[in-house]
Each structure stands twice: as C-alpha cells, then as structure tokens.
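Next come the chains, spelled out residue by residue.
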Amino acid sequence: MITKMKGTYDVTDDIGYLQEIEKKMLTVSKLFRYEEIRTPHFEATELFHRGVGETTDIINKETYTFEDRGNRQNTLRPEGTAGVVRAYIENKLYANPVTPQKYFYYGSMFRYERPQKGRFREFRQFGAEAFGSASPEIDAEVIAYAVTFLKAIKLKDVTVHLNSLGGKASKTAYHQALKAHLKDDITALCGDCQTRYKDNPLRILDCKVDADHPLVKGAPKPLDYLVEEDRTHFERVQAALKAMQIPFVVDDNLVRGLDYYTHTVFEIKVPEALLGRQNAICGGGRYNNLVETLGGPQTPATGFAFGIERIIVAMKAAGITPEASNLHVYFIALGDQAKLATLALMQRFRIGGLTANTDYLDKNIKGQFKQSDHQKARFVIVIGDAEIAKREIEIKDQRTGDTVNTSLEGAYETVVKLLTKGDACEDCDYQKGAR
Ligand code: HAM
C-alpha cells in the first residue's frame, strides 16, 4: 500500500473545521478590507534566500528545493510573505491608488521539520500583508484583524505577545550588545549557535537546542536598545491596541524566526494545555525593508500568518465544534415512478437553496430510514405509488415527530414554512439559494 508522506495528512473528519475557518476568514477579511491574493506554491529558490534570510532555520534546514528540467532552482514556499512581496513588486501593485494595499492569502506551505503535534511538513496558513504604511496604527490593525478572526471562530483563550526589534539603528546597537554578551562564552553553545554568532547573532535567541541555556536566557533584550523614535512607534502600537480594547502582553523574549522583521513583532499563543509546546497559532510583524531587498520601491509593510492545523487542535481541545451542515430533507423513494418524482422534487429543493438527498442503492424502506438518521435529516418525505396516485405526501419532522400533509407540488413551500415557523429559520440560508 502506498501511504501518505511523513508530515502530511488527509483532511477527512476535520473538513467541517477547515470550512468553518475558511468561511470566517473570508467574512473577517472583508470587514477589514483585505483582498485575497493567490501566489504560486513554488518560487525561485533565491526569493526565499533573500527574503526569509540565509541564516534562518527555515532556509538552512527546512526547504523543499529541487532543480527542474530546465535546470532552474525551485523551492516549495515555506511561508507566504516572500511570494506575496514578489507578486506585489512584479505586478506593480504599489501603483494601486487604494492605499495602503492590503492582501490576505490562504494555502499550503512546506517545511522539512520534524513532525509532531501541531507541526507538519505540509501545513496551511491564513496570512495577511499590508503594504505602504509605516504607521504604528496599522500594526495594531493587523493584530485586531487576527484577534477578530479568532473571536469569529470562538477561540477565546488566546494571548497576544508583543515586542519590538526597532529599525536599523536600534537593531545595530542591539546586535553589538548581544555579541558582547556572548563573546567570552560562545563555545558553551551548540555548533549552530557558534556559526550564528558570526553570521546573525539574533538567531541564537530562537535556537531550539540552547533555548534554556543561562547564556541565552540572560542575554540583553531588544527593547533595551530601541532608539527614541522606535520606542515611540512601539508605544503607539500599544496605545492603539488599548484603544481597541485588545489585551496583549509585552514579551521581550520574542524575536521571531525570520530575518525580515523590523519594529513590531507579535505572536498569538494558546495555553500549552491546549496545544503542547507548539502553542503559537499566529506570528507576524512589521518588515520595512523586504520590498526593497527584493527589488521593489522602499515600502513599509506589516502582516501575520496563522497556522491552521494548530487552530484546529486548539478548537478541539477547547470543545469548539464547527457548525454542522444540515440536511433539510431526506427523500425515501419506493418504485421507479417515485424515483422520478423524487428527482424532480429534489431538484426543486436544491435550486431553492434547501439541502436534499436520497438513496441510490435500492435499499428497502428500513434501510432508507436508517440513512435519514445517519445523515441527520430534519425532515423525511416518503414517496411511493400511493403518493404518486394521490399527488399528496406526508412530511415528517424528525426532531418533533410531527407530520404535515401537503400536495407534491406544494412540498417545497411547505418545508420552507415549517423551517421558518415562529422565529426566522435557524438552520438554513435558502433565501440565498441558487434561485
Ligand atoms: P511563522 O511564525 O514562521 O511566520 O509561521 C506562522 C504560523 O504558521 C506559526 O505561528 C504556526 O502557527 C504556523 N506554522 C509554522 N510552521 C508550521 C509547521 N511546520 N506546521 C504547522 N504549522 C506551522 C510566517 O510564516 C510569516 N510569514 C508570518 C508573517 C506574515 N509575518 C509578516 N507577515
């Protein structure tokens, strides 16, 4: 038997979660006025080397890279930002008169990581990027967008962790301080960290091996090296979040694992009890130099990405179930004529926006009733020779056991009436049907 590749998974029982997440993503993105953008699953390898950073684990250890038949180096996207920035430059989206230009995306990303709970080799992200504004208020907006999405999917127990790395001057000052701190004892850290010390000391702070080493824990913090202007930016982000009543904690250990960040960085975490150690469901921040690094005009930008699988694990652990999709009517057809009448009726129901299903296996009446139970039908309609002769049917409400008689022709209208009896219909959107 051929089995799935390590670190991948099939979506079967969890499809309801995925659809709920996708639905809420579309709704909330509209509210915040972010447009969808779709970019390729593979890009030139160089894009990620220049974009994400040569010294990051993602690029050093985790890319799926291959040469194609035309001798080009391709890489399956490990994250969405670099590709969106490439598309932004290549399609001259910066010329769009609507500013700032705001996009969201959804799809698979690929990282060759050690699979574990909440960590896959192919995983999905819902991400967003806003281009063209250096304002701290838009940093706060992307966080508000992420938090609103979590509210929409009813994931409550979340904490926004916030930090700032500052701009060029702050980062340079911090790098110097960090190097000075590590200098004498660097050989106590792992081999990778010794290389990182030379190439990019900030990466030592997110080393998976040395995370708890006293030298790393006692390292200086980026916040202590922010120049005045960058400190003001960070304070304004916090003031904006407070104005929107979005709770957050300042986490001066947060540095993020990608090289492009400047100023604000954040992660949204759920308690380890829900998700284990991989408890960051969202990561993001500002990246003011990436567009220029990749050949575009100087353009400040900010964004985030959610890990969808981690959200699903957290939703399940928190006891959240996706909205069930309802079957309005299960038709039980007995005989050839009844089958044709049923097909005609089902088509009427479906065009009218109501869900309908029937048996295609020639099951007996008992077997078909069983199916209506399995499929959790709200109503059952039995059609046999007698019903065809009288052109009259009985609609049985499976919730209450009540029955209503109506003509074949009036079946659809009667079911609509039953669904909307009293209050508005709580489980159908037939008004928006395909009519
Ligand atoms: P990231 O922190 O590398 O950031 O990934 C964002 C989220 O993707 C993580 O918080 C996590 O939930 C999920 N994730 C990452 N790796 C895996 C994995 N192997 N399996 C399952 N889930 C995973 C970025 O990707 C940035 N592009 C975010 C961003 C957008 N920053 C600015 N704009």
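Here goes a summary of the coordinates provided. (Residues numbered from 1 in each chain as written. Predicted model: local features only at pLDDT ≥ 70, side-chain atom pairs only at ≥ 80, totals over all residues. Heavy atoms only, no water.)

### Here we look at the site of the ligand
No. 1: Neighbouring the ligand are 27 residues, the closest being Glu 79, Glu 113, Phe 120, Glu 129 and Tyr 261.
No. 2: Between the ligand and the protein, one listed contact pairs an oxygen atom with a side-chain N or O atom of Gln 125 at 3.1 Å.
No. 3: Here a nitrogen atom of the ligand and a side-chain polar atom of Tyr 261 are 2.6 Å apart.
No. 4: For the ligand, whose accessible area on its own is 660 Å², the fraction buried by protein is 96%.
No. 5: At the level of elements, strand E6 (122-131), strand E10 (280-286) and strand E11 (301-307) are the ones that each hand at least two residues to the shell around the ligand.
No. 6: For the shell around the ligand, the leading source of residues is E10, giving six residues. (Near = heavy atom within 4 Å. Polar contact = N/O pair within 3.5 Å; in protein donor to acceptor, adjacent residues only side chain to side chain. Areas by Shrake-Rupley, 256 points an atom, 1.4 Å probe, with all protein chains shown as cover. Helix = DSSP H or I, 4+ residues; strand = E, 2+ residues; numbered from the N terminus.)

### Here's the deal with the pattern of salt bridges
No. 1: Counting across every chain of the model gives 28 salt bridges.
No. 2: The salt bridge partner of Lys 102 is Glu 141, with a shortest N-O separation of 2.9 Å. Here Glu 141 lies in helix H5 (residues 136-152) and Lys 102 lies in strand E5 (residues 101-110), a separation of 39 residues in the sequence.
No. 3: A salt bridge links Asp 139 to Arg 286, with the nearest nitrogen and oxygen atoms 2.8 Å apart. Within this pair, whereas Asp 139 is found in helix H5, its partner Arg 286 is found in strand E10, the two being separated by 147 residues in sequence. Considered together, Asp 139 and Arg 286 belong to a single accessibility category, that of buried residues.
No. 4: Through salt bridges with shared partners, a single network forms among Asp 57, Lys 61, Glu 62, Glu 113, Arg 119, Asp 192, Arg 196 and Lys 208. (Salt bridge = Lys/Arg side-chain N within 4 Å of Asp/Glu carboxyl O. Buried < 20%, exposed > 50% of the residue type's maximum accessible area, 1.4 Å probe, protein only.)

### What to know about the packing of helix H13 (residues 336-351) against helix H16 (residues 411-419)
No. 1: Between H13 and H16, the shortest axis-to-axis distance is 10 Å and the interhelical angle comes to 45°. The angle between H13 and H16 places the two elements in the oblique class. In the packing of H13 onto H16, the handedness of the crossing is right-handed. Every residue of H16 that contacts H13 at Leu 345, Arg 348 and Phe 349 is listed here: Ala 411, Tyr 412, Glu 413 and Val 415.
No. 2: In terms of residue class, the contact of H13 with H16 is made up of five nonpolar, no polar and two charged. (Axes fitted to C-alpha atoms, helices over the stretch in contact; angles between N-to-C directions. Parallel < 35°, antiparallel > 145°, perpendicular 65-115°, else oblique. Left-handed = near helix turned anticlockwise from the far one by under 90°. Contact = heavy atoms within 4.5 Å. Nonpolar A, V, L, I, M, F, W, Y, C, P; charged D, E, K, R; others polar.)

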